[in-house]
Amino acid sequence: MQNKGLIKLFAVLFALVSIYQLSFTFIASNVETEAEAFAESEIPESVENFTQERNNAAEQYLDSIGNESIFAGISYNTAKGKELNKGLDLKGGINVILQISVEDLLKGLANNSKDPAFNQALADAGEARKNSQDSFLELFYQAFESKEGASLASPDVFGTKALSDEISFDMENSSVKPIINRKIDESVTSAFEVLRERIDKFGVTQPNIQRLGDSGRILIELPGAKDISRIQNLLQSTAQLEFWDVYRANEFSDYLVNADAIVAENIKSETEKSEDVQVEDEEQEETETDDLESLLSSEDEETEDFSKSNPLLSLVQTVGQPQGPIIAYFAIKDTAKVNSYLSMPQVKSQLPADKKYAEFVWGKPAQDSEIIELYALKGNRNNEPQLSGAVVTDAQQTYDQVGRVAVSMQMDGRGAKIWEDMTGKASSQGSQIAIVLDNIVYSAPGVSSGAITGGRSEITGEFSIEEAQDLANVLRAGKLPASANIVQSEIVGPSLGQEAIDSGVLSFGIALIFVLLYMIFYYGKAGLYADIALVINILFIFGVLSGLGAVLTLPGIAGIVLTIGMSVDANVLIFERIREELAKGKTQAEAITDGFKNALSSILDANITTGLTGLILLTFGTGPIKGFATTLLIGIVTSLFCAIFLTRLFIAGGGKKGKSLPFSTGMTKNWFLNIDINFLKKRKVAYIISAVAIIISIGSLATKGLNEGVDFVGGRSYTVRFEQPVNPTEIQTKLVQDLLSVEAKTYGSSSQLKITTNFKIEEEGTVIDDEIQAILFNNLKDYLPGGMTLKAFKVGESGNDAKEYGIMSSIKVGPTIADDIKTASYYAIIGSLIVVFLYILLRFRRWQFSLGAVAAVIHDVIIVLGLFSLLYNVLPFSLEIDQAFIAAILTVIGYSLNDTVVVFDRIREYFNEHPTWKMDKLINLAVSSTISRTINTSLTTLVVLIAIFIFGGDSIRGFMFALIIGVVVGTYSSVFIATPVMFDSVQKKGIDLSTTEAEEKGQVNA
């Protein structure tokens, strides 16, 4: 081998760089272990809420030594910033996709236009988006242009004063669109920067934030984050700060009475209409009804229920002070009902002329309170506040005069002048000013000491210190240009993340030990050299992951373990070719040289096809799937280097100076020798078996379907752990009363369920998330440990690091993004099949090879899908069709191709070496010669996958099951489907597959 010195130098430098990159992880981990030990010694378990206290103590310890040099000038803070990133499933935390509302952005650009065509187009686009893959902006354009004479440049649409420099009234729609597209893109970029600044100030280590194409979506991953509800509020808060004059309570007392009467009359009228429909039936059963009423009546007929006669006033818990800003107090659970009453046209018409623009807004309830205040803001025709938060230049968490937590703000010169006028007016009139953030009144203080000069203001309310700090943070970072809704989220509690690490390390260790021992058992000393190269390969993979700042996930660990199997495959190919050359009587040196040379083509083809699959995964996948693809691609590159160069260096060193280097052991030296099986003769039987399997699979898919997960249909899914084993049917029956549509399945152990529901999936916001978790808690508390609170039950709440029961993780996928995921998955699978066909066509120069390979791949995919359809309600683990399953399908495609390409390579080689042999004899011998490699590679890969399946954790068990089935079916199809299909198509056309001159002469040996 040439350039041995260069290869050795590169390998040594690569290893040193990998060790250096991983040293940061080692240092950070050691310091954190010391911090945990310190916290445990300082805070005994007898202390109330000791888990949270220990967390605080550990954080204080890390802060105190953060910049101290630990080794070679490296501090903890430096090491923490460069350590190997762990994904959500290994570290816990939150992963969300935020959808910046393009509808809000368009309304803002149109200055909240009242144009009917514009607003109807927005509504139509919103409805069409539910069943379309086009962006909201494209759908808006289509809907708007469908209106006769609709012009985007109209003064009532985008031809506003604010856009007058770029849009003139006479511009065509085609000229306006690029301007609007650019403005929308600028706004999304602004939102991205605002969110990044908020996250940076929040202090989460190793956050990941990125835009997802031009969809207006932003991906945010915060591994290790614990206070999930706080983070959700931080991300979704638009920070729309406004200052409004507010009405006094006594100004609306008569209005509430009048509104109550109108609502009551409305309800009565609706009830009478409903009753009239049944008059005929009631007359027919008059006698029976009278008898029934006399039996069931418990009250005098003349007595009226107050809540029915006073539907609005009966909801009032208490009224506000007459001169104060609070009109009344209501129960939080009744807010939706109150809103519906106050928004009725008949009720709104009762507002006096001087109050017709009044806006009813709710206050910020105190923590753990069930009561909320109602305010009435002094609105105007344009619904614009007297002063907006755009004038705020700085904000800090402070304390007010009586020691309450507050947020102090500083305004610019223009804001200071308006603020002085507003406070002067409020002081002279004895009125209040409402401070409104994101349509919630935080406080409505009076001004008793005259006008406030200098632009200083303060927000008070029922704040915790963390809430005030977050509010100051978002005010400093600035407001979002539009609302941001969480359309997809995944939350993993830290204890579940630690369990994933433990299970991942265990499965990795078992798989690695087996592979290392098997290589020595089968190939002897040569196997030991391959093992050394394999261990170095693992070092390289982790070093590259750390150096690139890539994220290690549980599927990523699976990708590394699968890479071990592929690395073994390369060594098996090499060693089997060397054994073949030795059997031909060549010297050891010649056999090693020719063995590496002859195996190179198969190794490259197999790894390139798998690499193409990995690239498709990386392109279309999200979150953990990208982690799997990343480690797979890195592993392919490092495995090739280690197998082709390092293994050869070790082999050459072990066999130099005439030393004997056996490539087998005494037990295995005669295994798989002189195999000659007539595979083609059995192809009709194989066709029948495969046809039956495919028919059953398609039949099950057509009648039973697949168990589609929330990734594909939308919904919320919760992993809930109980103290004792539970009956999923019983739990499902209990929950369906409140959640309407719900599915409960055992997930892992019998004391853990995966509960999935699409209840209120069309509605956004953390309020709905909290509502559903509260419903779960109320229905499941009898199965949970006594004394467990709702906070302890929820996922990712602060202080639950050692959480054993309750919601361990949750996933939410909105219906729109679910459609996008499903479409992307289809594209990924179809794209991979096209890429495979083209690559094999390019590599083998015959479409028959491509046909055989694609036939085998389609065969494998249908059977894996069929098994998932047949068994999803039979097996005791989840067989949901989700993004992980799509990754598994693509990996199966890659593995099947890997196997098929090795067989095809040998067939092509035999055609060139033996041009006079009959085609069927040649193919049978070629396939027989690869049996040793096929069995060894499939066996080691299967054992690796089974180890992960058993020990790798519940979250990837379905993923591993798909891979196990895929390896078995893929190994079968490469021999009994791909090769026979290729043979039959070639034989029918009478084509010679050799690349010799015989091809040009049209000689066919069939």
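Cut-offs and rules
Residues numbered from 1 in each chain as written. Predicted model: local features only at pLDDT ≥ 70, side-chain atom pairs only at ≥ 80, totals over all residues. Heavy atoms only, no water. Helix = DSSP H or I, 4+ residues; strand = E, 2+ residues; numbered from the N terminus. Buried < 20%, exposed > 50% of the residue type's maximum accessible area, 1.4 Å probe, protein only. Contact = heavy atoms within 4.5 Å. Areas by Shrake-Rupley, 256 points an atom, 1.4 Å probe, with all protein chains shown as cover. Phe/Tyr/Trp six-rings, centres within 6.5 Å; stacked < 30°, edge-to-face > 60°. Axes fitted to C-alpha atoms, helices over the stretch in contact; angles between N-to-C directions. Parallel < 35°, antiparallel > 145°, perpendicular 65-115°, else oblique. Left-handed = near helix turned anticlockwise from the far one by under 90°. Nonpolar A, V, L, I, M, F, W, Y, C, P; charged D, E, K, R; others polar. Polar contact = N/O pair within 3.5 Å; in protein donor to acceptor, adjacent residues only side chain to side chain. Expected span 1.5 Å × (residues − 1). Bend = angle between axes of the 7 residues up to and from the residue. Patch = residues over 30% accessible without salt bridge, like charges linked within 9 Å, V, L, I, M, F, W, Y side chains within 5 Å. Salt bridge = Lys/Arg side-chain N within 4 Å of Asp/Glu carboxyl O. Pairing = 2+ DSSP bridges. Core = buried A, V, L, I, M, F, W, Y, C linked by side-chain atoms within 4.5 Å. pLDDT = per-residue confidence, 0-100. Lys, Arg positive; Asp, Glu negative; His and termini not counted. Charge placed at Lys NZ, Arg CZ, Asp CG, Glu CD.

**Details of the overall build of the protein**
Right, so step 1: Along the backbone of the protein there are 34 helices and 23 strands.
Right, so step 2: Scored against the burial criterion, the 1006 residues of the protein give a buried share of 50%.
Right, so step 3: Across the protein, contacts joining residues at least 24 apart in sequence account for 74% of those joining residues at least 6 apart.
Right, so step 4: On the protein, roughly 46000 Å² of surface is accessible, and the fraction owed to carbon and sulfur atoms is 55%.

**Quick notes on the packing of aromatic side chains**
Right, so step 1: Using the criterion set out here, one finds 30 aromatic pairs in the structure.
Right, so step 2: A centroid spacing of 5.9 Å and a plane angle of 90 degrees characterise the contact between F118 and F158, whose relative ring orientation is edge-to-face. A residue pair is termed long-range when its members are at least 10 positions apart, and F118 in helix α6 (residues 116–129) and F158 in the loop between α7 (136–145) and α8 (173–202) qualify at 40 residues. Of the two residues examined, F118 and F158, each falls in the buried class.

**Some details on the environment of S503**
Right, so step 1: Within the secondary structure, S503 is located in helix α18 (residues 494–523).
Right, so step 2: Given a relative accessible area of 13%, S503 falls into the buried group.
Right, so step 3: As for S503 and D954, which are separated by 451 residues in sequence, their C-alpha atoms are 9.4 Å apart.

**Focus: the packing of helix α23 (residues 683–703) against helix α29 (residues 847–871)**
Right, so step 1: With their axes 8 Å apart at the nearest point, α23 and α29 run at an angle of 50 degrees to one another. With respect to α29, the axis of α23 lies oblique. The way α23 lies across α29 gives a crossing that is left-handed. Taking contact as the criterion, the partners of S690, A693, I694, I696, S697, I698, S700 and L701 in α23 are, on α29, H859, I862, I863, L865, G866, S869 and L870.
Right, so step 2: Here the residues of the contact of α23 with α29 sort into 9 nonpolar, 6 polar and no charged.

**A closer look at the side chain of S75**
Right, so step 1: Its place among the elements puts S75 in strand β2 (residues 74–75).
Right, so step 2: Here the side chain of S75 touches T78 through a polar contact of 3.0 Å, side chain to side chain.
Right, so step 3: Discounting residues that sit within four places of it in the chain, S75 has contacts with G66, N67, E68, S69 and I70.

**Section: helix α21 (residues 588–620)**
Right, so step 1: Compared with an ideal rise of 1.5 Å per residue, which puts 33 residues at 48 Å, α21 spans 47 Å between its outermost C-alpha atoms and is within 8% of the ideal.
Right, so step 2: L600 marks where α21 bends most, by close to 35 degrees.

**What to know about the environment of V969**
Right, so step 1: Along the chain, the position of V969 falls in helix α33 (residues 957–989).
Right, so step 2: Between the C-alpha atom of V969 and that of V857, which follows or precedes it by 112 residues, the distance is 9.6 Å.

**Thoughts on a nonpolar patch on the surface**
Right, so step 1: Residues L6, L9, V12, L13, L16 and I19 make up a contiguous nonpolar surface patch of about 590 Å² in total accessible area.
Right, so step 2: With respect to the secondary-structure elements, L13 resides in helix α1 (residues 4–42).

**With respect to the pairing of strand β15 (residues 432–437)**
Right, so step 1: Of all the 6 residues making up β15, 6 are buried; the element is thus mostly covered by neighbouring parts of the structure.
Right, so step 2: Where burial is concerned, the two faces of β15 agree: the one with Q432, A434 and V436 and the one with I433, I435 and L437 are both buried.
Right, so step 3: Judged from the 6 bridges that link them, strand β7 (residues 241–246) and β15 form a sheet pairing that is antiparallel. Considered in β15, the bridge of E242 is made with V436.
Right, so step 4: Direction of pairing for β15 relative to strand β16 (residues 440–443): antiparallel, over a ladder of 3 bridges. Bridge pairing links V436 to V441 in β16.
Right, so step 5: Counting the residues that bridge the hairpin from β15 to β16 gives 2 residues, and of these D438 lies at a positive phi of roughly 55 degrees.

**Quick notes on unusual backbone geometry**
Right, so step 1: Positive phi outside glycine occurs at N111, with the angle close to 55 degrees.
Right, so step 2: According to the relative accessible area criterion, N111 is exposed, its value standing at 55%.
Right, so step 3: With phi around 50 degrees, N112 is a residue other than glycine that occupies positive phi space.
Right, so step 4: Along the chain, the position of N112 falls in the loop between α5 (102–109) and α6.
Right, so step 5: Residue N112 is classed as partly exposed on the basis of its relative accessible area, which comes to 49%.

**Re the sheet that holds strand β13 (residues 392–399)**
Right, so step 1: Judged by pairing direction, the sheet is antiparallel, and its 3 strands sit side by side in the order β13-β14-β17 without closing on themselves. The two strands at the open ends of the sheet, each matched to only one other strand, are β13 and β17 (456–460). Neighbour to neighbour, the strand axes of the sheet diverge by 25 degrees on average, direction disregarded.
Right, so step 2: Where strand β14 (residues 405–411) lies against β17, 5 bridges are found, and the strand directions are antiparallel. For A406, the partnering residue across the bridge sits in β17 and is T460.

**Quick notes on the nonpolar core**
Right, so step 1: Core analysis: the biggest nonpolar cluster contains 127 residues, and F575, I840, I907 and I923 have the highest contact counts within it.
Right, so step 2: Residue contributions to this core peak at 17 residues, all from helix α30 (residues 883–913).
Right, so step 3: Setting aside residues up to four positions removed in sequence, F575 forms contacts with M519, Y523, A526, G527, A530, T647, I651 and F663.
Right, so step 4: Listed in part, the 74 residues of the second largest apolar core include M171, L235, F722 and L735.

**Comments concerning the sheet that holds strand β18 (residues 484–492)**
Right, so step 1: Across the sheet, 8 strands lie side by side as β5-β6-β4-β18-β23-β20-β22-β21; this open sheet has antiparallel pairing. Every interior strand has two partners, whereas the edge strands, β5 (208–212) and β21 (742–747), have only one. The average undirected angle you get between the axes of adjacent strands in this sheet is 20 degrees.
Right, so step 2: Two strands pair when backbone bridges link them, and β21 and strand β22 (residues 749–757) are joined in this way by 6 bridges, in the antiparallel orientation. By the bridge assignment, T746 is partnered in β22 with L753.

**A look at the pattern of salt bridges**
Right, so step 1: Throughout the structure, instances matching the rule amount to 22 salt bridges.
Right, so step 2: Between K355 and D354 there is a salt bridge, with the nearest N and O atoms lying 3.5 Å from each other.
Right, so step 3: Residues joined by salt bridges that share partners form a network here, namely E166, R182, K183 and E186.

**With respect to the environment of A887**
Right, so step 1: Its place among the elements puts A887 in helix α30.
Right, so step 2: Since its relative accessible area comes to 1%, A887 is described here as buried.
Right, so step 3: Sequence separation of A887 and G614 is 273 residues, and the distance between their C-alpha atoms is 9.0 Å.

**Considerations on the confidence of the model for the protein**
Right, so step 1: Confidence along the protein averages 79 in pLDDT terms, with 89% of residues attaining 70 or more.
Right, so step 2: In this model residues 284–303 is a low-confidence stretch, pLDDT under 50, and it forms 0 contacts with partners more than four residues away in sequence or in other chains.
Right, so step 3: The model gives residues 994–1006 a pLDDT under 50, and that stretch makes 18 contacts with residues more than four places away or in other chains.

**Quick look at the pairing of strand β9 (residues 326–331)**
Right, so step 1: Extensive coverage of β9 is indicated by the burial of 5 of its 6 residues.
Right, so step 2: Following strand β8 (residues 316–319), the chain reverses through 6 residues before pairing antiparallel with β9.
Right, so step 3: Inspection of the sheet shows β9 paired to strand β11 (residues 371–377) by 5 bridges, in the antiparallel sense. Paired with F330 across the two strands is I372, which belongs to β11.

**Here we look at a positive patch on the surface**
Right, so step 1: A contiguous patch of positive charge on the surface is contributed by K4, K8, K525, K656 and K659.
Right, so step 2: Mapped onto the elements of the fold, K8 is located in helix α1.

**Examining the side chain of Q99**
Right, so step 1: With respect to the helices and strands, the residue Q99 is situated in strand β4 (residues 93–100).
Right, so step 2: If we skip the residues at most four places from it in the chain, Q99 touches S215, G216, R217, S483, A484, N485 and V487.

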